[in-house]
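# Examining the three-dimensional arrangement
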Amino acid sequence: MTNKVKIGLIQASNDVHGNEPVKLHKEKGIEKHIQLVRDAAAKGAQIICLQEIFYGPYFCTEQNPKWYEAAEEVPNGPTTIRFQALAKELGVVIILPIYEQEGIATYYNTAAVIDADGSFLGKYRKHHIPQVNVGNDGNGFWEKYYFKPGNLGYPVFDTQFAKVGVYICYDRHFPEGARLLGLNGAEIVFNPSATVAGLSEYLWKLEQPAHAVANGYYVGAINRVGTEAPWNLGEFYGQSYLVDPRGNMVSIGSRDQDEVVIGEMDKELIREVRNTWQFFRDRRPETYGAMSSINK
């Protein structure tokens, strides 16, 4: 296994009006992202991450049961199976953010991790679920209407090219899970997102480089682009990036273009940084017990 791994981050606009049927959104979104994955692989990417619930709009801006139709089983649903075949064909690892249905009507915001031989390694379910109003027209991040909190912990997946962790969008505001991913062995953590300009944009390039530094790993942050009708919640401002364990930007995308952002991670740098900053060695977990008992 080489120390240097090419990373591909895919940011894209949603091209279908929100009033159109869910089936059309999924068909067009999947078709578009299959080509973007192919483009990333052609540029040398070995691990490729798509954006949060990539095959449609950010529908959580409204509370409409129509969007439950977008959910499917993971890994036995058609989208995961299709991208397993694609990963095997191209010899790439794919992190596939998807709307998951479990049983009759239980839903999660999930990312499937597919290895370069097409095998399904497992999934991460988003833990932190926002319920936030934006503006005065009823739009917001109404995710508790659509998702249960994740219940699978903070797994790290040993892919062909690197040890991969996943955090999803709003998770990035919580350092606890980011630390657990590092303690569980992650060399790179991907954060597929759907976030708009406004209150938290200034945090976009602040929090995740801080996670990378505090935990001695790379972070791949992915955000979609454009605006989405009919809600027009705001501008999804792209700027997907790869950041190294020193907090340096390795590569970054544009604000408004469909794009494959390519960057290289170097595992030797991870080792060098961790040997310099011994944050894991100097932890004092015996003093942190109150974190899990204080409810405020």
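Each remark here, short or long, concerns the structure printed above.
Residues numbered from 1 in each chain as written. Predicted model: local features only at pLDDT ≥ 70, side-chain atom pairs only at ≥ 80, totals over all residues. Heavy atoms only, no water.

## As for the overall build of the protein
Each helix and strand counted, the protein has 6 helices and 16 strands in total. Across the 296 residues that make up the protein, the buried fraction comes to 55%. In the protein, the proportion of contacts linking residues at least 24 apart, taken out of those at least 6 apart, comes to 70%. Accessible surface, the protein as shown: approximately 12,500 Å² in total, 51% of it carbon and sulfur. (Helix = DSSP H or I, 4+ residues; strand = E, 2+ residues; numbered from the N terminus. Buried < 20%, exposed > 50% of the residue type's maximum accessible area, 1.4 Å probe, protein only. Contact = heavy atoms within 4.5 Å. Areas by Shrake-Rupley, 256 points an atom, 1.4 Å probe, with all protein chains shown as cover.)

## A look at the nonpolar core
If you look at soluble globular proteins, the nonpolar side chains tend to sit buried side by side. Of all hydrophobic cores here, the largest spans 43 residues; its most connected members are Leu50, Phe83, Ile94, Leu96 and Tyr99. When near neighbours in sequence (up to four residues on either side) are disregarded, Tyr99 contacts Ile53, Tyr55, Phe59, Trp67, Tyr68, Ala70, Ala71, Glu72, Tyr107, Tyr108, Tyr146 and Phe147. By size, the runner-up hydrophobic cluster in this structure holds 42 residues, among which are Ile47, Cys49, Ile222 and Val273. (Core = buried A, V, L, I, M, F, W, Y, C linked by side-chain atoms within 4.5 Å.)

## Remarks on the sheet that holds strand S15 (residues 249-252)
What the 6 strands build is an open sheet, ordered S8-S9-S10-S11-S14-S15; its pairing is mixed. Looking at the sheet topology across the chains shown, the edges are occupied by strand S8 (156-158) and S15. Taking each pair of neighbouring strands and ignoring which way they run, the sheet shows an average axis angle of 20 degrees. In the sheet, S8 pairs with strand S9 (residues 163-166) via 3 bridges, with the strands oriented antiparallel. Opposite Val156, over in S9, you have Gly165 as the bridge partner. (Pairing = 2+ DSSP bridges. Axes fitted to C-alpha atoms, helices over the stretch in contact; angles between N-to-C directions.)

## A short note on the side chain of Gln11
Within the secondary structure, Gln11 is located in strand S1 (residues 4-11). A relative accessible area of 0% places Gln11 in the buried class. Among the polar contacts listed, one links the side chain of Gln11 to the backbone oxygen of Ser254, at a separation of 3.0 Å. There is a polar contact of 3.0 Å between the side chain of Gln11 and the backbone oxygen of Gln257. Among residues more than four places away in sequence, those in contact with Gln11 are Gln51, Asn223, Val225, Gly238, Gln239, Ser240, Gly253, Ser254, Gln257, Asp258 and Glu259. (Polar contact = N/O pair within 3.5 Å; in protein donor to acceptor, adjacent residues only side chain to side chain.)

## Looking at the state of the cysteines
Overall, the coordinates contain 0 disulfides when judged by the stated rule. As a non-bridged cysteine, Cys60 has Cys169 as the owner of its nearest cysteine sulfur, 9.2 Å distant. Here Cys60 falls in the buried class, since its relative accessible area comes to 2%. When its relative accessible area of 7% is taken as the criterion, Cys169 is described as buried. (Disulfide = S-S within 2.5 Å.)

## So, unusual backbone geometry
Backbone phi values are negative for most residues with the exception of glycine, while trans is the configuration of most peptide bonds. Between Val74 and the following residue, Pro75, the backbone shows a cis peptide bond with an omega angle of 15 degrees. By the element assignment, Pro75 lies in the loop between strand S2 (47-49) and helix H2 (78-90). A cis amide bond, omega 5 degrees, links Ala229 with the succeeding residue Pro230. In this model, Ile53 sits at a positive phi of 35 degrees, which is unusual for a non-glycine residue. Its place among the elements puts Ile53 in the loop between S2 and H2. Residue classification places Ile53 among the buried positions, given a relative accessible area of 5%.

## Brief notes about helix H3 (residues 175-183)
When H3 is considered as a whole, its buried residues turn out to be Gly177, Ala178, Leu181 and Gly182. The buried residues of H3 occupy an angular sector of 145 degrees when projected down its axis, which confines them to one face. Each element contacted by the buried residues of H3 is listed here: S8, S9, strand S10 (188-193), helix H5 (207-215) and helix H6 (267-276). Following H3 by one or two positions, Gly185 has its phi on the positive side, about 105 degrees. (Arc of directions from axis to C-beta.)

## Overview of the sheet that holds S2
Strand order across the open sheet formed by 6 strands is S5-S4-S3-S2-S1-S16, with mixed pairing between neighbours. This sheet does not close on itself; its edge strands, each paired only once, are strand S5 (120-125) and strand S16 (259-266). The average undirected angle you get between the axes of adjacent strands in this sheet is 30 degrees. Relative to strand S3 (residues 93-102), S2 is paired through 3 bridges, and the arrangement is parallel. Residue Ile47 lies in a different strand from S3, and its bridge partner there is Val93. On the sheet, H2 packs against S3, strand S4 (106-114) and S5 and is oriented at approximately 170 degrees with respect to S3. Sitting on the sheet, H6 touches S1 and S16, and the angle it makes with S16 is about 55 degrees.

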